[in-house]
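Notes for the structure review
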Amino acid sequence: MRVWLAGVLLAALAAGCSGAPAWESFSDPEGLYRVEMFGAPRSRSISESDGTTTQVYESLLENVQYALWETSSFGMEADAALEAYRLNVSEQYANVEILGESRLERDGVPGIEIFFEYDNKRQRVRERLQYYVDGGRTIILLYAAAIDVYSDADAARFLDSLTFGG
């Protein structure tokens, strides 16, 4: 009887979880990069004041955001663009606490990672941002979560999955 009940409980749990989002591989329409995201990302375009367009792909879960932005590098060389992005983090967020910074290179594309926390209107948030400058475009990866649900494993799985060249 106990074995039967345990089997029914496991089947019920599995059925209840079947509708939950799962990790999915995502490539941009042109095949320039690939990343693993939690759930199917939504796509939207943002028209910038300088006439460029930023393409955003994001998955939003309760108190967790996975996002990839593709935008212009505004004609800057990689090192200058990466430094500008680094400085922008301190200016953009109130009460920001930088937890770490590092230079990156992925598939020959230079990048920078910034790991930080800040307070928004409702809670403390922890973010990991990665910026990559590849020719005239910048790829930005973001994993952000409320501090009580932040997962180093999920952040690493998402951020480390990026590959250039599809």
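Since the model is a prediction, treat every value here as computed from it, not as a measurement.

This brings us to the confidence of the model for the protein chain. Here the protein chain averages 83 in pLDDT, and 87% of its residues register 70 or above. The lowest-confidence element of the protein chain is helix α1 (residues 2–17), averaging 37 in pLDDT; the highest-confidence one is helix α3 (residues 152–160), averaging 95. Here residues 1–18 is modelled with pLDDT under 50, and outside its nearest four sequence neighbours on either side it reaches zero contacts, counting other chains as well.

Our focus in this paragraph is the sheet that holds strand β6 (residues 97–106). One open sheet accounts for seven strands, arranged β3-β4-β5-β9-β8-β7-β6; its pairing is antiparallel. On the outer flanks of this sheet lie β3 (42–47) and β6, each paired with one strand and no other. Recorded for the sheet is a direction-independent mean angle of 15 degrees between the axes of neighbouring strands. Sheet topology note: the β3/strand β4 (residues 53–61) ladder contains six bridges and is antiparallel. Pairing of isoleucine 46 across the sheet is with threonine 54, part of β4. Taken strand by strand, helix α2 (residues 78–92) contacts β5 (64–72), β6, β7 (109–119), β8 (124–134) and β9 (137–146), and its axis lies near 5 degrees from that of β7.

Our next topic: the nonpolar core. Ranked by size, the top nonpolar core spans 22 residues in total, and within it Val35, Tyr66, Tyr143 and Phe158 carry the most contacts. Those elements that place two or more of their residues in this core are β1 (23–27), β2 (33–38), β5, β9 and α3. Apart from residues no more than four positions distant in its own chain, valine 35 is found in contact with Glu24, Ser25, Phe26, Leu68, Leu141, Phe158, Ser161 and Leu162.

Here the focus is the layout of surface pockets. Over the atoms, a rolling probe the size of a water molecule traces out where space has been left empty. Estimated volume of the largest pocket: approximately 390 Å³. Forming the boundary of the largest pocket are 19 residues, of which Glu48, Thr54, Trp69, Gln92 and Ile140 lie nearest the centre. Mapped by element, the contributors of at least two residues to the lining of the largest pocket are β3, β4, β5, α2, β8 and β9. By residue class, the composition of the lining of the largest pocket is nine nonpolar, six polar and four charged.

To continue, consider the pattern of salt bridges. Under the definition given, this model contains 12 salt bridges. Residue glutamate 101 pairs with arginine 86 through a salt bridge whose shortest N-O separation is 3.6 Å. Taken together, the residues glutamate 101 in strand β6 and arginine 86 in helix α2 connect sequence positions 15 residues apart. Taking relative accessible area as the criterion, arginine 86 reaches 24% and is therefore assigned partly exposed. In this structure, the salt-bridge partner of arginine 126 is glutamate 117, at a minimum N-O distance of 2.3 Å. Look at arginine 126 and you get partly exposed, because its relative accessible area is 21%.

With that settled, consider the environment of arginine 126. With respect to the secondary-structure elements, arginine 126 resides in strand β8. Counting along the chain gives 29 residues from arginine 126 to glutamate 97, while the straight-line C-alpha distance between them is 9.5 Å. The residues contacting arginine 126, other than those within four sequence positions of it, are Leu99, Phe115, Phe116, Glu117, Tyr143, Ala144, Ala145, Ile147 and Tyr150. Of note is the side chain of arginine 126, whose polar atom sits 2.3 Å from the side chain of glutamate 117.

So, about the packing of aromatic side chains. For any pair of aromatic rings, geometry is given as the distance between the ring centres together with the angle between the planes. Overall, the coordinates contain 11 aromatic pairs when judged by the stated rule. Ring centres of tryptophan 23 and phenylalanine 38 lie 5.3 Å apart, and the angle between their planes is 75 degrees; on these two criteria the pair is classed as edge-to-face. Taken together, the residues tryptophan 23 in strand β1 and phenylalanine 38 in strand β2 connect sequence positions 15 residues apart. Comparing tryptophan 23 with phenylalanine 38 shows no difference in burial state: the two are buried. Where tyrosine 85 meets tyrosine 131, the ring centres are 4.5 Å apart and the plane angle is 5 degrees; that geometry is what we call stacked. Of this pair, tyrosine 85 sits in helix α2 while tyrosine 131 sits in strand β8, and the two are 46 residues apart along the sequence. Overall, tyrosine 85 belongs to the buried group, its relative accessible area being 12%. A residue is classified by how much of its surface remains accessible, and tyrosine 131, at 5% relative accessible area, is buried. Positioned above the aromatic ring of tyrosine 150, the side-chain terminus of arginine 126 is 5.1 Å from the ring centre.

Quick notes on the rules
- Residues numbered from 1 in each chain as written.
- Predicted model: local features only at pLDDT ≥ 70, side-chain atom pairs only at ≥ 80, totals over all residues.
- Heavy atoms only, no water.
- pLDDT = per-residue confidence, 0-100.
- Helix = DSSP H or I, 4+ residues; strand = E, 2+ residues; numbered from the N terminus.
- Contact = heavy atoms within 4.5 Å.
- Pairing = 2+ DSSP bridges.
- Axes fitted to C-alpha atoms, helices over the stretch in contact; angles between N-to-C directions.
- Core = buried A, V, L, I, M, F, W, Y, C linked by side-chain atoms within 4.5 Å.
- Buried < 20%, exposed > 50% of the residue type's maximum accessible area, 1.4 Å probe, protein only.
- 1 Å grid on protein atoms, 1.4 Å probe; cavity = no way out; pocket = protein on both sides within 12 Å on 5 of 7 lines; lining within 4 Å.
- Points joined across faces, edges and corners; volume = space filled by probe spheres on them.
- Nonpolar A, V, L, I, M, F, W, Y, C, P; charged D, E, K, R; others polar.
- Salt bridge = Lys/Arg side-chain N within 4 Å of Asp/Glu carboxyl O.
- Polar contact = N/O pair within 3.5 Å; in protein donor to acceptor, adjacent residues only side chain to side chain.
- Phe/Tyr/Trp six-rings, centres within 6.5 Å; stacked < 30°, edge-to-face > 60°.
- Lys NZ or Arg CZ within 6 Å of the ring centre and 35° of its normal.

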